[in-house]
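An overview of the molecular structure
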Amino acid sequence: MSSPSSSPSGRTASHPGEAPSAAPLLDVSGLTISFPAGRERVSVVQDVDLQVRPGETVAVVGESGSGKSVTALAVTRLLDYAGGRIDAGRAVFQLRDATSLDLARAPQERMRQLRGPEIAMVFQEPMTSLNPVLRIGDQIAEAVMLHQGLGGAAARQEARRMLERVRIPEAARQLDRYPFQLSGGMRQRVMIAIALSCRPRLLIADEPTTALDVTVQAQVLRLMHALQEELGMSLLFITHDMGVVAEIADRVVVMRSGRVVERGGVGEIFARPREDYTRRLLAAVPVLGSLAGQALPRPFPENGDEPPAQDTVEPAGPPVLEVERLVTRFEVKRGLLGRSGGRIHAVEHVSFAVRPGETLGLVGESGCGKSTTGRSILRLDRPEAGAIRLGGTDVSSLTPATEKLLRRAVQYVFQDPFASLDPRLTVGFSIAEPIRTHALLAGRAVEARVEELLEQVGLGGSYSRRYPHELSGGQRQRVCVARALASEPRLIIADEAVAALDVSIRSQVVNLLMALQRRLGVAYLFISHDMAVVERVAHRVAVMYLGQIVEIGPRDAVLGRPQHAYTQRLIAAVPIPDPARRGHARALDDSEVPSPMRRHDDPPAVAPLVRVGPDHYVARHKIGGLF
Amino acid sequence: MIAFLARRVLGIVPVLVCVSLFAFGFVRMLPGDPARLLAGPDATQAEVRAVRVSLGLDKPLWQQYATYIRQTLAGELGRSARTGQPVATVIGERFMPTLWLTIAAMGWSTVIGVALGVIAGVRRGRWQDQTSMVLTVSGISFPAFWLGLLLIDLFAVRLHWLPTGGEHGWRSFILPSFTLGVAVAAVMARFTRSAFVEVAGEDYVRTARMKGVPERRVVWKHTFRNALIPVITMAGLQFGFLLGGSIVIETVFAWPGLGRLLVDSVNYRDYPVIQAEILLFSFEFVLINLLVDVLYAVVNPEIRLQ
């Protein structure tokens, strides 16, 4: 079933001290898993075969619901605690003492002894995977004490060594800190330190970088790769991201609806996918640089055809939205009497304009202020200074009249399609609400309009009587788009609107947004961390860093010829879904983004941007140590 | 931690001001003339006037309040309208029996309730869980006075093992503290179970298992401590309620506590005592809330360090 792998990175499937045997470290065969559903059981994984050889990296890819995470949980038998059950199949593991054990049948106490020294796992959610009430040092030392029999002081030493190994600066000091005092990237390093502290022979990583920013993701991926070589372990890497697969995998297993649909060496899978599903998965992956040299945005290919570029910007007339020197800061209270301990400079002198029918991509990493910018425009956060103009009308001061104008002309689509629809209201009611609020229509005309809007987002009028829980994530996001369109806005702020969706659904929703722009001439402020998606949709791009725009200009200029150091770093960190262009050689960059919180007497430097090309401006003053 | 404590203690001040205002306003908000009420229905005009002057009720309100605060701080709470004893003495006599009974009841019921809740949470869906839930539903729904009477009938009247009532030595604590604690234990068990079940589904509990931590340690070190916050909240509330004195239990067991004092004071319209009791109960709650906040900080470093 498995095909021999040819490692594109030149690594072989063996490492020192281990015979280059063909015997897999882990050999999963016929694995079938079910979960209880009411009185019955639902089979979520069927007949999965999977081999991991010593020293090798196997990526399991698939979209949500493909059963990839459940398969990983079954191998560690943490599945038992999640309510799942292995109904059939084997998972034979070669233990350190050269005996083998069927993990699918082993008693839980035996599995407990193996978890740590033989098999360890890193999870997707760094923010919640560490115990909030225990010090980091103790959480690492606990595993060391359990499996290596070290005493408290020695275990602490080992914990410090592990923190150094995962390149956490000032390791000794970090031991006594609590998880909430660390950033997401640092927490994920701590998780990796815990997983590696017992020198496992197999590390299972379940979407370990999905919740992280691209530059942090690049750091963590390189770190895992380096540690794998240092320690000579095998890696079972679970991900939905083909870019990450191309960066890290030797072999790939593609899963869909609980079954393996294709497997092969990473080069083979990317160059010559055999299955239609794999081809579609690869086609849906946005590749940064695929529109290089083209000025206009272009929807994702559908059914293999590259759609035409779209030219929707109206250059004449006033911009839909003008933002001038917008400032939003948050006071941080601390101390005895709630004195201000400093300010978070979330948005610092941000200026830009969006023309009718234009899409401005606002990119940057978490905490850079891109969402606060969007929220400040709609006054969901309160800006401290700056001017906001809608079609030439100043709406900076929120009077009842300007508020009405603002709430109608600008709409928002949020990231989480599950949280942004009221679960107790029908889809139709949610979409009709803005129509009624703004008194655009009355009576039966409202229903007709709701059906029309649902048609526009590709759902059909019959959806109006459904409830959100009956819809998939992609369908819900379409409903959110329909609701945003209901008040006939001229600008839609899409805040990470496609980030929570699977790749294939993501490209569909992006194409929908672009089609609506073509048809209705609506403008978008497209806030995203995903550079490859932004490349597809945006006419112009603004890059934010520490609350300031560091670079803004035509999309092709900013992404193709980035002038600011931060833009360059951001683009370099984006994984390229092509194993032939793997970037392991790049040095490990351990720098962390500085905090946007500053003392009152230490405001950040602000200066006008400098023109470097047609409509292309760059910050030339120092922001967070970068030019 | 010191800054945290100082902040919490300072935060109490406005609450205490509100409480004292309420207790102060209590007598003045009653319908009719407080001086006439305090002097009694048979008093003459002159007597009422004398009371008014002696209480300072002829002065402006803010002066009255200042006097009230000064006297309260000095422990001068006036005299009981019923017995003529100083209110501080009356309340002092009744406070200790209620406090000891509360401590006895809370002590056993918290330990048993939390233990039952953890067992139910760990063995979710199995017989241990179901049994403990049957017990807790019974504990909550069984009327305390009826349970008390049944216990007296069995252990005091029939078996002569324990006294029927009153406060005489440790043996007299057993029946009332058990009766009082049953409902508390049941509520604590329910709270602990639901908090425990919620925390048991957290990612960091999965992380602990991933490390190969033995199950006993997963329960106590990784789950229990994180589940404590709602349990502490509930325990604090229960403690506050019990400290007010249980009218039912103290009546059934002839217990000389604050609950019965309150009933008697209300029956006799002994306003100075009622006023002092309001102040005391409010103060107790404020104090317990402070204690609960401190316990939060001990359990959760995020509260302590931010």
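Conventions adopted
Residues numbered from 1 in each chain as written. Chains lettered and ligands numbered in written order. Predicted model: local features only at pLDDT ≥ 70, side-chain atom pairs only at ≥ 80, totals over all residues. Heavy atoms only, no water. Helix = DSSP H or I, 4+ residues; strand = E, 2+ residues; numbered from the N terminus. Buried < 20%, exposed > 50% of the residue type's maximum accessible area, 1.4 Å probe, protein only. Contact = heavy atoms within 4.5 Å. Areas by Shrake-Rupley, 256 points an atom, 1.4 Å probe, with all protein chains shown as cover. Lys, Arg positive; Asp, Glu negative; His and termini not counted. Charge placed at Lys NZ, Arg CZ, Asp CG, Glu CD. Domains from an automatic or database assignment. Buried area = accessible area lost by both parts, 1.4 Å probe. Salt bridge = Lys/Arg side-chain N within 4 Å of Asp/Glu carboxyl O. Polar contact = N/O pair within 3.5 Å; in protein donor to acceptor, adjacent residues only side chain to side chain. Nonpolar A, V, L, I, M, F, W, Y, C, P; charged D, E, K, R; others polar.

**Describing the overall build of chain B**
Helix and strand counts for chain B stand at 14 helices and zero strands. When the helices and strands of chain B are placed in sequence order, the string is α-α-α-α-α-α-α-α-α-α-α-α-α-α. Judged by the C-alpha coordinates and their principal axes, chain B covers about 85 × 60 × 30 Å. Taking all 306 residues of chain B together, 45% fall into the buried category. In chain B, the share of contacts with a sequence separation of at least 24, taken over all contacts with a separation of at least 6, comes to 70%. For chain B, the exposed surface amounts to about 15800 Å²; the carbon and sulfur share of it is 68%. Taking the average location of the 28 positive side-chain charges in chain B and that of its 20 negative ones, the two points are 8 Å from each other.

**Some remarks on the domain arrangement of chain B**
Residues and elements named next belong to chain B. By domain assignment, chain B separates into domain 1 (2-73) and domain 2 (94-305). The partner domain 2 presents 15 residues to the 20 residues of domain 1 that form the contact. Interface of domain 1 and domain 2: buried area, both sides summed, is about 1500 Å²; carbon and sulfur atoms make up 84% of it. Here domain 1 and domain 2 share one salt bridge between them. Here R8 makes a salt bridge to D293, at a shortest N to O gap of 3.0 Å. Where domain 1 meets domain 2, there are two residue pairs in polar contact (both at pLDDT 80 or more). Counting residues per element, the ones that place at least two in the side of domain 1 that touches domain 2 are helix 1 (2-29), helix 2 (34-39) and helix 4 (61-73). Considering each element in turn, the side of domain 1 that touches domain 2 owes the most residues, 15 residues, to helix 1. Of the residues assigned to the side of domain 1 that touches domain 2, the class counts are 16 nonpolar, two polar and two charged.

**Structural notes on the domain arrangement of chain A**
Residue and element names in this part refer to chain A. The domain boundaries assigned to chain A delineate domain 1 (26-127 + 201-283) and domain 2 (321-423 + 489-618). Every contact between the two is made by 25 residues of domain 1 and, on the other side, 23 residues of domain 2. When domain 1 packs against domain 2, the two sides together hide about 2200 Å² of surface, and 53% of this comes from carbon and sulfur. When the area that domain 1 buries against domain 2 is broken down by residue, the three leading residues are V214, R222 and E247, summing to 32%. Applying the counting criterion to the domain 1 and domain 2 interface returns four residue pairs in polar contact (both at pLDDT 80 or more). Looking at the side of domain 1 that touches domain 2, the elements with two or more residues in it are helix 7 (214-231), helix 8 (242-248) and helix 9 (266-271). In terms of residue count, the dominant contributor to the side of domain 1 that touches domain 2 is helix 7 (nine residues). By residue class, the composition of the side of domain 1 that touches domain 2 is 13 nonpolar, eight polar and four charged.

**Describing the pattern of salt bridges**
The final tally for this structure, using the stated rule, is 36 salt bridges over all chains. Close ionic contact of E142 of chain A with R217 of chain B constitutes a salt bridge, the shortest N to O distance being 2.7 Å. One end of the pair, E142 of chain A, is in helix 3 (residues 136-148); the other, R217 of chain B, is in helix 10 (residues 215-243), on a second chain. One salt bridge in this structure joins E324 of chain A and R389 of chain A, with 2.6 Å as the shortest N-O distance. With E324 of chain A in strand 11 (residues 321-334) and R389 of chain A in strand 14 (residues 385-390), this residue pair connects regions lying 65 residues apart in the sequence.

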